[in-house]
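Take a look at the letters that make up each chain.
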Amino acid sequence: MTASTLERPTAPVARPSAREESDVRRGEARPAWLFIAPFGIFYVLFLIWPIIYMLISSFFNTSLVAKGFGSFAGFGNYAEMLTLPLFWESMWHTIFFTIITTIPLVVLAFVFAILANRVRRAQWFFRLAFFVPFILPSAAIAIVWTFIYSPSTGLWDSLRTALGNPAPNPVLGTPDLALIGVAVTTIWWTIGFNFVLYLAGLQDIPRELYEAAAVDGASQWQQIKSITIPLLGRTTTLVVLLQIIASLKIFDQVYLMTAGGPGTSSQVVLGLVTDTAFTNYRVGAGSAASVLLLIVILIVTGIRQLIERAQNRRAA
Amino acid sequence: MTAVPQRPSGNPSGRFSRRSLLRGGLGAAGALGIAGGLSGCGSAISAGLVGSQLDPGTVTYWNLFGGGDGSRMQTMEATYEKQKGPNSLQAATFAWGNPYYTKVSLATLGDAPPDVAVSHLTRQSNLAIAGLLEPITEDMLAMVGLSSSSFSPKVWEALAVNGQRYAIPIDTHPFVLYYNKDVCEKADLLDGDGNLKEIRGTDQWEAALEAAKKVTGSWGASVATVGDTATSWRWFQSLYSQQTGSTPWLGDGGRKLTYNEDLTIKTLDYIQSLTKKKLMPAITDYTGSQTLMFTGKSAFYLQGEWEITTAESIDGLKFGMVPVPTLFDQPACQGDSHTFVLPRMNRSEDQLKRALGFVKSLLDQSLTWAQGGHIPAYVPTLDSQQYKDLKPQSNYADAVNSVVYDAQAWYSGSGSNFENTVGAQFGLVQQGQATPAAALSTARDQLLVYADTKSPL
Amino acid sequence: MASQTVSDPARPEQTARKHRSGVSAAAPPPRRSEAQERKSGQVFTVVSWLVLIVFAVLWLIPSLWAIKTSLTSNATAALGALPILTDWKLTLGSYGTLLAGGDIWNWYLASAITSVITVALTVIFGSMAAYALSRLRFRGRRAVFLAMVLGIMVPPQVLIVPVFAELNAVGLLNTYWAVILPQVPSVIAVFVFKQFFDGLPKEFEESARIDGASFWTIYRRIVLPLSKPVIAAMSIVTFVGVWNNLILPLFVLSNPKLMTIPVGLATVQGSFGQRLSDIQASSILGALPLVILFVIFQRRIVEGVAGSGLKG
């Protein structure tokens, strides 16, 4: 392999080994801390302190419009969230969204990458088509898609009318369709990320393997099945897990396209958090919902670590 | 906390002085070589980097009006700008409902509110209790030649928050009944002048719907049942409030649920019976319910009066508007008012005068505003002949006196959690997917969570 | 430790070489002379082309539709999809309206200022911390590392409520700093820099040490000059991330004149009313700087994004 191996930075496998750690050199502590200090200050101010603040306020009736933490609430905010139908509804929407986006995002990205890798020419064009949306602002994407979905006059409804449905249900205005509409937008928007990850993974598969397989008379499909898919297994794990974590944090598209509606039929957890804290002024309850979401994300991240460690062991 | 907090004067105590902190930060900015061009590079940069004031001589104004209201408001803004010269006004329109109120709240907390903002009457009370608004005094009104008697007494009364006023009303916008004149004519529901004959009581109402249905072949009346919780609530609240013995839904600032259970069930039963008898559609959304009336598939359509703009834009549609018919004991309809509020900030006498002058200018244009269906709250316009000549708008001007505002609670008001929660359940009743008792019990459980929660205000 | 190789943002030239070598292998020498085998390969390639092109076109439609609408008059755009499709009297009127009036220049300014300052601070502070973690041996290093690992697991979106409260407490709301400061501690940047520094040869630095150079001098004069590729990659990735961030500026910036592009697009859309062409034009204008960035730095962006795991 020609490229130096870059560990996925989000996978903290590059922990210093015990040998390195014991290697404390005299006179390096002071400069080391000075080098770390500027970043460290920001890290403490905008990562550590917010986490602490969030934990504390989740146990208080903290109000946006009053000073201080307010009166002590015990586990009241957590109890409220865990018994609030809207919380579970939002959690379910978040999970449902995760499921209906992850599968097409992984499968389509995989297919596109295999095909693009196969044809090899006009790569710039496919990158333009599939990847560019990914780097555009969610707000711009939402404007484009809301327009496409606009009831009766939009591109999508016009198409459905032309195909013989005289009064199609407005996508973003129908409770059962709103989240699916957002999901389609999300697939369009973010597939480029998985696409380039798969392309990178594909380019690391040695050509010799395919050539050897061809010599053995394996068909194209057999080659994909027995070489490409297994060797992209790690990339797939990575893509799936990154996708799940990204979907759990979904906020932008829902806020922009449906604001959680109609009613609450597309509300997601982060939307509930900001609604509770900023619209209802209930920072304490919003913090509790945030903490619960963070716990779910940490669990998924933990599972990811376990899977990657198992894969590393198998690979070793 | 029920008392209205005193407006902090000067720098809110216990906070860093924003200016001094930012001036300190300016040193850091200078180190990055970006402070050099600050002075000449426009007000936004210096406001963004060192918190200086943006456009001191301009009135900033935020509203939430889209559609027809939006374009009428822009006309009114343009009139003001024409009077006061270019750059006298900066208006911004935000998405309706919660996003808008969130923006107003956060901006006020962050010391950057607009000079004037629009608020629903049912939302200004919460903003006021949260300490985000300036009280409006008679002295202030007098600065621009207004007084409390310039406004409809009913609206001015409803504005009170702990004996104080924090808002200047411009209108009342009730839930009303639209009717398709062609259909009603064929169903013999019009009088000699081509106006709807008065409908009183459930018998007459159902008879009218039956007659209309024969003409339309589809429905008698339509009201949104799907995907629009506010409408479901408005329809219910209008009928519920028409009955003797109906009590406000919430009491004690939202800590208690005070609705009349029997009347609620009775009202929901009645609403459901109309869809069960196929006099009204069980499944239709906001625009769908309009289209049914516009296209003659139903004779009547219930919605806020603001949809007049949409109805007027339909080619060949002849329609009229009247207050929601009195089906029970007394006239009543759900409604709200648009008001102007002055978010809390340090204002000079000049700024205050400019802000109030702008409000006065908009009030003076109440007739333009009334064309969008809203009933003026400004008495000189309300009593003017021009308004009385404005049809069908002035036909339901009396509804002002029978409007029922949503009860005050930190989770209540137009577009609030309360409307969403209750309206979602009542929508299920309309659709026939829940019994009135089941829907009420679910709504009650969900509301109790809010009622039992300590108010953040 | 064996680890999966993805594209390395720091080494685009190597990836590019790899890529080129791949291209040369695209026309495989016909080792197997069986014509049937080659034919099945050709069929597969043709099918691949077809499928890809169909999907690529499908993927381009939304953008093209937005562009077409933005070039159509507001009056026509209001009539619906078919009129937009059939009316080819193109006009730049919507762009003119937006650029002449309204706040879009202020939004560009806010996005540019916040993105550039955040990139500068992230790259400088992140690379400094990474240098210490890569080169210096000191007590507490493991603790710092663990803190970083923890930091990477907490998505910043989840912290929006406490970050807002903090910025409110110090009076920084409605300033660019409210958008800049919370985005500076990018743990991903530290990891990417550290990976890169770990792979740099240490000989120069060691001899500089022997000559009495301070660590700061070594970092400034030896390490940074060697790190241009990774600095470029991280700068672009950070820039894109900050430019596109919605949730933070959405809640900390309320003044329409100070809003960044995404917040401006998201919040004051209402004032466009039925001016559908203007709305689409605003979206295109919001996306344009990033498209230009992509055209210039195509490969670096793709690889930087893939390498750093940047994901909404």
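These numbers come from a predicted model, not from an experiment.

*Asks:* I'm lost on the overall build of chain C in this one. Help?
*Replies:* Counting secondary structure elements, chain C contains 16 helices and 0 strands. Relative to its 312 residues, chain C shows a buried fraction of 54%. Restricting the contact set of chain C to residue pairs at least 6 apart, pairs at least 24 apart contribute 77%.

*Asks:* Honestly, the overall build of chain A in this entry has me stumped. Any pointers?
*Replies:* The helix and strand tally for chain A stands at 14 helices and 0 strands. Reading chain A from its N terminus to its C terminus gives the helix and strand order α-α-α-α-α-α-α-α-α-α-α-α-α-α. Principal axes of the C-alpha set define a box for chain A whose edges measure 80 × 75 × 30 Å. The buried share among the 316 residues of chain A stands at 51%. Considering only contacts in chain A between residues 6 or more positions apart, those separated by 24 or more positions represent 69%.

*Asks:* What am I meant to see in the UniProt feature "transmembrane region" (unreviewed entry) in chain C here?
*Replies:* When the UniProt feature table is mapped onto this chain numbering, "transmembrane region" (unreviewed entry) sits at residues 41-61, 107-131, 143-164, 176-193, 230-252 and 279-297 of chain C. Helix makes up 100% of residues 279-297 of chain C and strand 0%, with an end-to-end C-alpha separation of 28 Å.

*Asks:* Teacher, can you tell me more about the environment of A:G173 here?
*Replies:* All names here are of chain A. Inspection of the secondary structure assignment puts G173 in the loop between helix 7 (155-162) and helix 8 (175-203). C-beta crowding within 10 Å serves as the criterion here: with 23 such atoms nearby, G173 is assigned to the buried category. Linking G173 and T101, residues 72 residues apart in sequence, is a C-alpha distance of 20 Å.

*Asks:* Looking at this structure, how should I read the packing of helix 7 (residues 141-153) of chain C against helix 10 (residues 187-199) of chain C?
*Replies:* How two helices pack is summed up by the angle between their axes together with the distance between the axes. All names here are of chain C. With their axes 9 Å apart at the nearest point, helix 7 and helix 10 run at an angle of 130° to one another. As far as their axial angle goes, helix 10 and helix 7 are oblique. For helix 7 against helix 10, the interelement crossing comes out left-handed. Facing M148, G151 and I152 of helix 7, the residues of helix 10 in contact are V187, I188, V190 and F191. Taken together, the residues of the contact of helix 7 with helix 10 break down into 6 nonpolar, 1 polar and no charged.

*Asks:* Whenever I open this one, the interface of chain B and chain C confuses me. Can you help?
*Replies:* For interface size, the figure often reported is the accessible area lost on association. Taken together, the contacts link 29 residues of chain B with 26 residues of chain C. For the side of chain B that touches chain C, the elements supplying multiple residues, two or more each, are helix 1 (18-31), helix 2 (43-50), helix 3 (67-84), strand 2 (89-93) and helix 4 (98-109) of chain B. In terms of residues, the side of chain B that touches chain C owes the most to one element, helix 2 of chain B, which gives 5 residues. In terms of residue class, the side of chain B that touches chain C is built from 16 nonpolar, 9 polar and 4 charged.

*Asks:* Help me understand the pairing of strand 5 (residues 171-180) of chain B in this model?
*Replies:* Every regular strand shows the same layout, with side chains that alternate between the two sheet faces. Residues and elements named next belong to chain B. Burial within strand 5 is extensive, with 10 of its 10 residues counted as buried. Pairing geometry for strand 5 and strand 13 (residues 375-376), over 2 bridges, is antiparallel. Pairing of D171 across the sheet is with P376, part of strand 13. As paired elements, strand 5 and strand 10 (residues 319-323) share 5 bridges and run antiparallel to each other. Following the sheet pairing, Y178 is matched in strand 10 by M321.

*Asks:* Please explain the UniProt feature "domain: ABC transmembrane type-1" (unreviewed entry) in chain A as it appears in this structure.
*Replies:* As annotated by UniProt and renumbered to match this structure, "domain: ABC transmembrane type-1" (unreviewed entry) occupies residues 91-304 of chain A. With 76% helix and 0% strand, residues 91-304 of chain A has end C-alpha atoms that lie 20 Å from one another.

*Asks:* Looking at this model, I keep getting lost on the UniProt feature "transmembrane region" (unreviewed entry) in chain A. Mind explaining?
*Replies:* Mapped onto this numbering, the UniProt entry gives "transmembrane region" (unreviewed entry) at residues 32-56, 94-116, 128-148, 177-200, 231-251 and 288-307 of chain A. Annotated as 100% helix and 0% strand, the span residues 94-116 of chain A places its first and last C-alpha atoms 32 Å apart.

*Asks:* Looking at this model, I keep getting lost on the pairing of strand 2 of chain B. Mind explaining?
*Replies:* All names here are of chain B. By the criterion of burial, strand 2 is predominantly enclosed, with 5 of the 5 residues buried. Of the two faces of strand 2, the one lined by L89, A91 and T93 and the one lined by Q90 and A92 are each fully buried. By the bridge criterion, 5 bridges tie strand 1 (residues 59-63) to strand 2 in an arrangement that is parallel. Paired with Y61 across the two strands is A91, which belongs to strand 2. You can see the chain leave strand 1, run along helix 3 and come back into strand 2, and the turn it takes is right-handed.

*Asks:* When you look at the sheet that holds strand 2 of chain B in this model, what are you seeing that I'm missing?
*Replies:* The pairing of strands in a sheet happens through backbone hydrogen bonds and is either parallel or antiparallel. All names here are of chain B. Spatially, 5 strands are ordered 2-1-3-12-4 in an open sheet, and the strand pairing comes out mixed. Because the sheet does not close on itself, it has two edges, and the strands there are strand 2 and strand 4 (167-169). Direction aside, neighbouring strands of the sheet carry axes that sit 25° apart on average. Two elements, strand 4 and strand 12 (residues 338-341), share 3 bridges in a ladder whose sense is antiparallel. Residue pairing across strands places P169 opposite T339, the latter belonging to strand 12. Strand contacts of helix 5 (residues 121-129): strand 3 (116-120), strand 4 and strand 12, with the helix running at about 115° to strand 3, the strand carrying the most contacts. Contacts between helix 14 (residues 349-364) and the sheet are confined to strand 1, strand 2, strand 3, strand 4 and strand 12, with strand 1 contributing the most and set at about 50° to the helix.

*Asks:* Even after reading the chapter, I still don't get the confidence of the model for chain A, so can you show me in this structure?
*Replies:* Detailed reading of the predicted coordinates is not advisable wherever pLDDT falls low. Residue and element names in this part refer to chain A. The pLDDT averaged across chain A works out to 86; a share of 92% of its residues lies at or above 70. Element-level mean pLDDT values for chain A span from 48 in helix 1 (residues 18-22) up to 95 in helix 2 (residues 29-57). Of the regions scoring below 50 in pLDDT, residues 1-21 engages in 50 contacts with residues more than four places distant in sequence or in other chains.

About the criteria used
Residues numbered from 1 in each chain as written. Chains lettered and ligands numbered in written order. Predicted model: local features only at pLDDT ≥ 70, side-chain atom pairs only at ≥ 80, totals over all residues. Helix = DSSP H or I, 4+ residues; strand = E, 2+ residues; numbered from the N terminus. Buried ≥ 20, exposed ≤ 12 C-beta atoms within 10 Å, placed from the backbone. Contact = placed C-beta atoms within 7 Å. UniProt positions renumbered as here; feature names shortened; annotations may be inferred. Axes fitted to C-alpha atoms, helices over the stretch in contact; angles between N-to-C directions. Parallel < 35°, antiparallel > 145°, perpendicular 65-115°, else oblique. Left-handed = near helix turned anticlockwise from the far one by under 90°. Nonpolar A, V, L, I, M, F, W, Y, C, P; charged D, E, K, R; others polar. Pairing = 2+ DSSP bridges. Right-handed = clockwise from strand over helix to strand, strands pointing away. pLDDT = per-residue confidence, 0-100.

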